[in-house]
Amino acid sequence: MTTSDLAPSGAGTARRDPARLTAIALALLAVLFVAVNVLVSFTLTTQRLDLTSDKLYSLSPATQRVLDGIVEPVTLRLFYSKQLGTKVPSYGVYAERVQDVLREYANRSGGKVVLEIYDPTPFTPVEDRAVSYGLQQIPLEGTDGTVFFGLAGSNMTDDIETIPFLQPDREAFLEYDLTKMIHSLSKGWIGKVGILGSMKLDGEVRMGQMGRPEQTPPMVVAERIKEILEVQTLDSDIQKIPEDITILLIAQPSNLSPRTLFAVDQYILGGGKAAIFVDPFAESQAGAMTGGPMGNVPSSTLQPLFDAWGLEMPTDQVVGDRFGARRVGARDGRSFITYVPWLLLRGPNLERNSPITAQIDSLAVASAGYLKAKDGASIKLDPLVRSSPGSMLIDVKELLGPVPEPEKLLRNYVAGPERFTIAAMVTGNVKTGFPDGRPPLADGQDDDPTATFDTVLTESKQPIEAIVVADTDVLTDRFWVQFREFYGRRVAVPGAGNGDFVANALDALTGSSALLDLRGQGSSYRPFEVIEQIKREADRKFQAKEQELRETLTETQKKLDALRNRQAGTGGPVALSEDERRQVQEYQRQILRVRSELRGVQRSLREDVERLESKVLFANIALMPILVAVFAILLAVWRVRRRARRTMVEA
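Calculation notes
- Residues numbered from 1 in each chain as written.
- Predicted model: local features only at pLDDT ≥ 70, side-chain atom pairs only at ≥ 80, totals over all residues.
- Heavy atoms only, no water.
- Helix = DSSP H or I, 4+ residues; strand = E, 2+ residues; numbered from the N terminus.
- Buried < 20%, exposed > 50% of the residue type's maximum accessible area, 1.4 Å probe, protein only.
- Contact = heavy atoms within 4.5 Å.
- Areas by Shrake-Rupley, 256 points an atom, 1.4 Å probe, with all protein chains shown as cover.
- Expected span 1.5 Å × (residues − 1).
- Phe/Tyr/Trp six-rings, centres within 6.5 Å; stacked < 30°, edge-to-face > 60°.
- Lys NZ or Arg CZ within 6 Å of the ring centre and 35° of its normal.
- Pairing = 2+ DSSP bridges.
- Axes fitted to C-alpha atoms, helices over the stretch in contact; angles between N-to-C directions.
- Core = buried A, V, L, I, M, F, W, Y, C linked by side-chain atoms within 4.5 Å.
- Parallel < 35°, antiparallel > 145°, perpendicular 65-115°, else oblique.
- Left-handed = near helix turned anticlockwise from the far one by under 90°.
- Nonpolar A, V, L, I, M, F, W, Y, C, P; charged D, E, K, R; others polar.
- Salt bridge = Lys/Arg side-chain N within 4 Å of Asp/Glu carboxyl O.
- Patch = residues over 30% accessible without salt bridge, like charges linked within 9 Å, V, L, I, M, F, W, Y side chains within 5 Å.
- Lys, Arg positive; Asp, Glu negative; His and termini not counted.
- Charge placed at Lys NZ, Arg CZ, Asp CG, Glu CD.
- Polar contact = N/O pair within 3.5 Å; in protein donor to acceptor, adjacent residues only side chain to side chain.

**Some thoughts on the overall build of the protein**
Item 1. Broken down by element type, the protein carries 15 helices and 24 strands.
Item 2. Here the protein holds 651 residues, and 41% of them are scored as buried.
Item 3. Looking at the protein alone, contacts between residues at least 24 apart form 75% of all its contacts between residues at least 6 apart.
Item 4. Element-wise, carbon and sulfur atoms account for 54% of the exposed surface of the protein, whose accessible area totals about 36300 Å².

**So, helix H9 (residues 258-269)**
Given 3.6 residues per helical turn, the α-helix brings residues three or four places apart onto the same face.
Item 1. An ideal rise of 1.5 Å per residue puts 16 Å on twelve residues; H9 measures up with 16 Å between its terminal C-alpha atoms.
Item 2. Within H9, eleven of the twelve residues are buried, which leaves the element mostly enclosed by the surrounding structure.
Item 3. Along H9, the residues that are buried comprise Arg-259, Thr-260, Leu-261, Phe-262, Ala-263, Val-264, Asp-265, Gln-266, Tyr-267, Ile-268 and Leu-269.
Item 4. Packing partners of the buried residues in H9 comprise strand S7 (192-196), strand S11 (247-251), strand S12 (273-277), helix H10 (303-309) and strand S22 (464-469).
Item 5. Gly-271 occupies a position one or two residues after H9 and carries a positive phi of about 105 degrees.

**Considerations on the packing of aromatic side chains**
Item 1. A full pass over the atoms with the stated rule returns twelve aromatic pairs.
Item 2. Considering the side-chain rings of Trp-342 and Phe-479, the 5.1 Å spacing of their centres and the 85 degrees angle between planes classify their relative orientation as edge-to-face. With Trp-342 in strand S16 (residues 336-346) and Phe-479 in the loop between S22 and strand S23 (481-486), the pair connects residues that are 137 residues apart, well separated along the chain.
Item 3. Pairing Tyr-370 with Phe-420 gives two aromatic rings, centres 5.4 Å apart and planes at 55 degrees, and the pair type is tilted. Taken together, the positions of Tyr-370 in the loop between strand S17 (362-366) and strand S18 (372-373) and Phe-420 in the loop between helix H11 (406-411) and strand S21 (421-428) put the pair 50 residues apart, joining distant regions of the chain.
Item 4. Note on Tyr-370: relative accessible area 11%, which makes it buried.
Item 5. Between the NZ or CZ atom of Lys-240 and the centre of the ring of Phe-453, over which it lies, the distance is 5.2 Å.
Item 6. A cation over an aromatic ring shows up here: Arg-322 above the ring of Phe-323, its NZ or CZ 5.4 Å from the ring centre.

**Brief notes about the sheet that holds S17**
Item 1. Reading across from one edge, S15-S16-S17 is the order of the three strands in this open sheet, with antiparallel pairing throughout. Two strands bound the open sheet, and with one partner strand each, they are strand S15 (325-329) and S17. Going from strand to strand, the sheet's axes swing by 45 degrees on average, the running direction of each strand aside.
Item 2. As paired strands, S15 and S16 are joined by five bridges and run antiparallel to one another. Note that in S16 the partner of Arg-327 across the bridge is Thr-338.

**What to know about the nonpolar core**
Item 1. If you look at the biggest cluster of nonpolar residues, it comprises 63 residues, and the most contacted ones within it are Leu-249, Val-385, Leu-475 and Phe-501.
Item 2. Other than its neighbours up to four places away in sequence, Leu-475 contacts Met-199, Leu-201, Met-219, Val-221, Ala-251, Phe-277, Trp-480 and Val-502.
Item 3. Judged by nonpolar contacts, the second largest core, of 36 residues, contains Ile-238, Ala-263, Leu-305 and Trp-309.

**Examining the environment of Pro-258**
Item 1. Mapped onto the elements, Pro-258 comes out in helix H9.
Item 2. On the basis of relative accessibility, which here comes to 35%, the residue Pro-258 falls in the partly exposed class.
Item 3. When the C-alpha positions of Pro-258 and Phe-434 are compared, they lie 9.4 Å apart, and in sequence the two are 176 residues distant.
Item 4. With residues up to four places along the chain from it excluded, the contact list for Pro-258 reads Phe-434, Pro-439 and Ala-442.

**Description of helix H12 (residues 498-510)**
Item 1. Over its 13 residues, H12 runs 19 Å from end to end, which matches the ideal 18 Å to within 8%, given 1.5 Å per residue.
Item 2. Of the positions making up H12, those classed as buried are Asn-498, Gly-499, Phe-501, Val-502, Ala-503, Ala-505, Leu-506, Ala-508, Leu-509 and Thr-510.

**A closer look at the packing of helix H3 (residues 61-68) against helix H7 (residues 174-187)**
Item 1. Packing of H3 against H7 leaves a shortest axis separation of 10 Å and a crossing angle of 20 degrees. If you check the angle between H3 and H7, you find them roughly parallel. Of the two possible hands of crossing, H3 and H7 adopt the one that is left-handed. Facing H3, whose interface residues are Thr-63, Val-66 and Leu-67, H7 presents Glu-175, Thr-179, Ile-182 and His-183.
Item 2. In terms of residue class, the contact of H3 with H7 is built from three nonpolar, three polar and one charged.

**Looking at the pattern of salt bridges**
Item 1. Taken as a whole, this structure holds 14 salt bridges when the rule is applied.
Item 2. Residues Arg-108 and Glu-104 are paired through a salt bridge, measuring 3.3 Å at the closest nitrogen-oxygen approach. Placement of the pair is Arg-108 and Glu-104 together in helix H5 (residues 89-108), with a separation of four residues, close to one helical turn.
Item 3. Among the residues examined, Arg-108 registers a relative accessible area of 32% and is labelled partly exposed.
Item 4. The salt bridge partner of Asp-500 is Arg-224, with a shortest N-O separation of 2.8 Å. One end of the pair, Asp-500, is in helix H12; the other, Arg-224, is in helix H8 (residues 220-226), with 276 residues separating them in the sequence.
Item 5. By relative accessible area, Arg-224 is classed as partly exposed at 21%.

**Quick notes on a positive patch on the surface**
Item 1. Taken together, the side chains of Arg-639, Arg-641, Arg-642, Arg-643, Arg-645 and Arg-646 define a basic patch exposed on the protein surface.
Item 2. Its location among the elements puts Arg-642 in helix H15 (residues 578-650).

**Remarks on the side chain of Ser-367**
Item 1. With respect to the secondary-structure elements, Ser-367 resides in the loop between S17 and S18.
Item 2. Assessed through its relative accessible area of 0%, Ser-367 is described here as buried.
Item 3. Within polar-contact distance, the side chain of Ser-367 engages the side chain of Glu-283 at 2.4 Å.
Item 4. Sequence-distant contacts of Ser-367, defined by excluding residues within four places in its chain, comprise Asp-279, Pro-280, Phe-281, Glu-283, Val-318, Pro-341, Trp-342, Leu-399 and Asp-471.

**What about the sheet that holds strand S19 (residues 380-386)?**
Item 1. In spatial order, the strands read S10-S7-S11-S12-S22-S21-S19; together these seven strands make up an open sheet with mixed pairing. The sheet terminates laterally at strand S10 (230-233) and S19, the two strands that pair on one side only. The sheet shows a mean angle of 20 degrees between the axes of neighbouring strands, taken without regard to direction.
Item 2. Alignment of S7 against S10, held across four bridges, turns out to be parallel. Bridge pairing in S10 places Val-193 opposite Val-231.
Item 3. Lying on the sheet, H12 is in contact with S11, S12, S19, S21 and S22; it crosses S12 at an angle near 160 degrees.

And the structure:
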């Protein structure tokens, strides 16, 4: 036998030994798998792939700009009690997301953000450290001691910023809160707000009833501002904004001279940030619910600047909103009536994607104006507060006079097609409001030799950042605060979120421009939208039937009660005739039947949902394993048949 005769036989044997080839292939795959994982663990430690629909685990370019601007390291310490996640799984899920996002901050910072994670078990030094940072302690049923879920950050100069408790309901603004904390620690200074205008937020001296001067207390808004910023009240005729002012708060600028307006113009063009409160009709300066005498309209605007920006805020109209209107005392003194210029705005009236208004329950405004970008304007208007659909505009003249007329305004109310923007973030590149340069001094005004400008700007160096509110009464205690005496102390009880709105607005402006770009990011909570849709359809489909049955039940019960409780002249129940007794029995049977049908309708509301839930459970628990098993069986049958055909061919 020759060598050539043996060769085919050996090759055929190798081909007929698939088990050996499969084992070798599996071994090589295992080695390759381990090698790839080892390689990735050493070379791609900072590379991640975010496949969530809202990019929950990705950092925005705005955050990256803040991280790139860090000079000295920032340390973030997360204190998370694992017991909390064990007892309340929803917190455990959120804690995983928080940790993943914090690790992303550390990875993307190039070593400038140091992350430390602690589990503060009861009666340990770690718990003492969490308490020393002022983190919130939460008692949890079934556990010893308390639990923590807070964040403390520090910089090289021992400045401390904390989030006492990471609430899941603020998940959409997790990135904003973390980026704001890092920016504050890297900046190291909270900033100073300069208050300018005729509205005296910090109180003023007035003549009392006895002819003696009295000091009015600061507004509650001023107290809220002082919690987050240094405050400096600026003279109304100031001719240059001080360089240490980080935010300019302008409230009712009705008496500003041209030189002062020029100073504001140059400050904003040079990159200064501003919160501007203007008003077509300032109720707080017009008296209680009255506009005062005719022709004396307490309005304010920054007309030269607004015209240059392309921003419109008419001073002859206010917004009326029947849906958001507040109720005031009627003329008879015994009832209440809707007063459409005074609004308490809630829910969809407040922009839920902005950290400024996201968690404010309500905002009280009074005779507010509206903001609008003119055609061709270079600015961008991002609404923060808007009126309800069906709002209308009211001429300011209708509010003038000694006594308001809520009945007349309500009677003449005509719903329009628009929603009006009452407060907005204004951004964009703008021109100066004084193209001819610095204006001359006003009559009687002295020149300030220290108010000099090295360069008079004719356009903004960068996009301006200003929050404009077409209402000054939003700052006034009268419209959102009630005061009570508590053991000799005067305690402010807020009825709306005006203080939080102003504080949030200034807080957002104190940060870098990047913070203003951060919006709500979405939530890791994903409701079953199909199930929610089915519930809405079921409600719509069966609600009419349910209402009909309930009305029938009520009417039948009334008839039955009327028969049972007929009274004779003596005051006792009248004996029923045979026909009436049969009618009572029929009513009772009808009531039982209607109640049975009503239970059936209510049960129908759940059937579609339960059916879909069963399908989802089947798909998740059984369908996929069944499909995998069927695929494996089909693959095995195909391989057996293929091997059998190959054997027959070789034979």
